[in-house]
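Spelled out, the chains give:
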There are 2 protein chains.
Amino acid sequence: MPENFAHNLKDLKLKATPKRLAILSLLAEELSYASPEEVWRKLRRNFASIGLPTVYRNLEDLANGGLITKVIHPNRQLYYYFCPNSHHHHHFICLSCRKVEDINFCGMEEIEKKVDGTVLSHIVQVNGLCRDCAESHGGTP
Amino acid sequence: MPENFAHNLKDLKLKATPKRLAILSLLAEELSYASPEEVWRKLRRNFASIGLPTVYRNLEDLANGGLITKVIHPNRQLYYYFCPNSHHHHHFICLSCRKVEDINFCGMEEIEKKVDGTVLSHIVQVNGLCRDCAESHGGTP
DNA sequence: ATTGTAAATAGAAATGATTTCTTTTTAGAA
DNA sequence: TTCTAAAAAGAAATCATTTCTATTTACAAT
Ligand SMILES: [Mn+2]
Ligand SMILES: [Mn+2]
Ligand SMILES: [Zn+2]
Ligand SMILES: [Zn+2]
C-alpha cells in the first residue's frame, strides 16, 4: 500500500504542491502529533521561504479533507498527526512525549441512535501517559 | 435534592464567594453552554463591578473542580455548562442553539483496558444540531 | 464581635497563537 | 506554451485569554 499523497490531494481537489506533500510526508514519518510551528521549523530545512500562515492553512485544509487528524489538547493549542489507518477509530495520546496509539473502538453507532437531533461529528480521545512516559515521570505530564 | 453550591465549593477548598455562587446558579438555570463573556454580561446585572478575568478564572476553577463542564467547540473558544447529573456520562451539544443533551453511555471502561499507558482523562462529545435546530435550519450550524 | 491571613478580585495591560490581508507565484488544465 | 484559479509569502492585525499588582474579602481563629 504505497502512499500516494499527490493522488489523495487530487481526490480532495487540492493542488499537490511541494509544500503540501512535504507536510504530509513529514507527519507520516512521525508517530506523534506536532504543532504548526514545529512543522514549520522542519519545513524550513527544505524550503528557503515558507510562511507560518501557509502551514496553518495547509494543516487545516488537510485535516478538513481527512488526510490528517487534529488533537484536542488541554493546553488548547493546535496539534496534528498523520494516521495511516483508514478504518474509523480513535486515539490515545501521550501528553508527555506526544505519541499516538490507536483505539479500535467507537461506541458512536449506539450513541447516535439515542440522540434527539442530527449528529454532525463526534470526538473520542483518551489522554494520558504512554507506558514509557508513565514509568519515567511516574504521573505528571 | 436542593443544590447547595456553597457546600460544594467548600468541599473543593474554594471560598463560597457571591460571584462564584452567582456563576453556578446562573449556569444551573440554563440548559445550554455559555461563553465566559456571556456569563460576565449576565453577572454585571447583579454586580456593580466584576472583571472578565474573574469570570475566566472562576469558570476554569469550577471546571477543574468538576462542578461545571467544558465544551470542546469547533471554533476553539471556551464554553461551559452546568449539568445536574452526578453519574459519569457525556453530552450531545447543539452547535446552533447550544442546547446540551445527556448521553448515558461511555465505552471508556473497555477502552482503558486496551491502552498501553496511564489514562488521565478522556473526551467523548457528540456535536450536531438538536431536533429543533435541525428542523429549522435543515443542516448547517 | 474582632482580627489575621490566605484567597479572591478589579482593572489595566500584555500576550501570542492564529488569522487576515495584499501582492506575487505556481500547479495543472487547456 | 498559455491561462487562471489556487496557493503562498510576508507583514500586520486580531482578540480571546492570561498575567500582573494593588486592593478587598471570606472565614477561621481568637
Ligand atoms: Mn490511528
Ligand atoms: Mn449531563
Ligand atoms: Zn509518552
Ligand atoms: Zn439546537
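Above this text sits the structure in question.
Structural notes, computed from the coordinates. (Residues numbered from 1 in each chain as written. Chains lettered and ligands numbered in written order. Predicted model: local features only at pLDDT ≥ 70, side-chain atom pairs only at ≥ 80, totals over all residues. Heavy atoms only, no water.)

### A closer look at the pairing of strand 4 (residues 100-103) of chain B
Part 1 of the argument: Both strand 3 (residues 90-94) of chain B and strand 4 of chain B contribute to a ladder of four bridges, which runs antiparallel. Across the sheet, residue Ile93(B) finds its bridge partner in strand 4 of chain B, namely Val100(B). (Pairing = 2+ DSSP bridges. Helix = DSSP H or I, 4+ residues; strand = E, 2+ residues; numbered from the N terminus.)

### Description of the coordination of the zinc ion (ligand 4)
Residue and element names in this part refer to chain B.
Part 1 of the argument: Within the protein, Cys94 (SG), Cys97 (SG), Cys130 (SG) and Cys133 (SG) serve as the donor atoms for the zinc ion (ligand 4), at 2.2 to 2.3 Å.
Part 2 of the argument: Coordination at the zinc ion (ligand 4) is tetrahedral, judged from the four donor atoms that bind it and the angles of 103 to 122 degrees they form at the metal.
Part 3 of the argument: Mapping the donors of the zinc ion (ligand 4) onto the primary sequence gives the spacing C-x2-C-x32-C-x2-C. (Donors = N, O, S within 2.8 Å, 3.2 Å for Na, K, Ca; no water. Tetrahedral: all angles 85-135°; square planar, octahedral: opposite > 155°, others 65-115°.)

### A short note on the side chain of Ser35(A)
All names here are of chain A.
Part 1 of the argument: For serine 35, the location among the structural elements is in the loop between helix 2 (18-29) and helix 3 (36-46).
Part 2 of the argument: You can call serine 35 buried: its relative accessible area is 9%.
Part 3 of the argument: Other than its neighbours up to four places away in sequence, serine 35 contacts Leu78, Tyr79 and Arg98. (Buried < 20%, exposed > 50% of the residue type's maximum accessible area, 1.4 Å probe, protein only. Contact = heavy atoms within 4.5 Å.)

### A look at the protein's contact with DNA strand D
Part 1 of the argument: Taken together, 21 residues form the shell around DNA strand D, and within it Thr17(A), Lys19(A), Ser49(A), Thr54(A) and Tyr56(B) come nearest.
Part 2 of the argument: Here DNA strand D approaches the protein such that, of its atoms within 4 Å, sugar and phosphate make up 77%.
Part 3 of the argument: One nitrogen or oxygen atom from the side chain of Arg20(A) is found 2.7 Å from a phosphate oxygen belonging to DNA strand D.
Part 4 of the argument: Measuring from a phosphate oxygen of DNA strand D, one finds a backbone N or O atom of Ser49(A) at 2.6 Å. (Near = heavy atom within 4 Å. Polar contact = N/O pair within 3.5 Å; in protein donor to acceptor, adjacent residues only side chain to side chain.)

### Thoughts on the side chain of Ser32(B)
Part 1 of the argument: Within the element layout of this structure, Ser32(B) appears in the loop between helix 2 (18-29) and helix 3 (36-46).
Part 2 of the argument: Take Ser32(B): its relative accessible area is 17%, and that puts it in the buried class.

### Overview of the interface of chain B and chain A
Part 1 of the argument: Between chain B and chain A, the contact holds 35 residues from the first and 35 residues from the second.
Part 2 of the argument: Roughly 2900 Å² of surface becomes buried between chain B and chain A when both sides are summed, with 59% attributable to carbon and sulfur atoms.
Part 3 of the argument: Seen at the junction of chain B and chain A, the total is two salt bridges.
Part 4 of the argument: Between Arg131(A) and Asp116(B) there is a salt bridge, with the nearest N and O atoms lying 2.6 Å from each other.
Part 5 of the argument: Counting across the interface, chain B meets chain A through 13 residue pairs in polar contact (both at pLDDT 80 or more).
Part 6 of the argument: When contributions to the side of chain B that touches chain A are tallied by element, the ones reaching two or more residues are strand 4, helix 5 (108-114), strand 5 (117-130) and helix 6 (131-136) of chain B.
Part 7 of the argument: The dominant element in the side of chain B that touches chain A, judged by the number of residues it contributes, is strand 5 of chain B, at 14 residues. (Buried area = accessible area lost by both parts, 1.4 Å probe. Salt bridge = Lys/Arg side-chain N within 4 Å of Asp/Glu carboxyl O.)

### Let's talk about the relation of the copies chain B and chain A
Part 1 of the argument: Laying chain B over chain A is done by rotating through 180 degrees and shifting 0.0 Å along the axis; what remains is an RMSD of 0.0 Å. On this basis, the relationship between the two copies can be described by a two-fold rotation axis. Within chain B, the C-alpha atom positioned nearest to the axis of rotation is that of Val124(B), 2.3 Å from it.
Part 2 of the argument: Interface overlap between copies is the fraction of interface residues in one copy that are interface residues in the other; for chain B against chain A it reaches 100%, indicating a shared surface. (Least-squares fit on C-alpha atoms with pLDDT ≥ 70 in both.)

### With respect to the environment of Arg98(A)
Residue and element names in this part refer to chain A.
Part 1 of the argument: Position of arginine 98 among the secondary structure elements: in the loop between strand 3 (90-94) and strand 4 (100-103).
Part 2 of the argument: We classify arginine 98 as partly exposed; its relative accessible area is 21%.
Part 3 of the argument: Between the C-alpha atoms of arginine 98 and glycine 51, which are 47 residues apart in sequence, the distance is 25 Å.
Part 4 of the argument: Ignoring anything within four residues of it in the chain, the contact list for arginine 98 reads Leu31, Ser32, Tyr33, Ala34, Ser35, Glu38 and Tyr79.
Part 5 of the argument: Within the local environment of arginine 98, its side chain forms a polar contact with the side chain of glutamate 38, the two groups lying 2.6 Å apart.

### Considering the coordination of the manganese ion (ligand 1)
Residues and elements named next belong to chain A.
Part 1 of the argument: Distances from the manganese ion (ligand 1) to its protein donors, Cys83 (SG), His89 (NE2), His91 (NE2) and Asp102 (OD), fall within 1.8 to 2.2 Å.
Part 2 of the argument: We note that the donor set of the manganese ion (ligand 1) lies within a single chain, spaced as C-x5-H-x1-H-x10-D. Here histidine 89 and histidine 91 have matching classes, each one buried.

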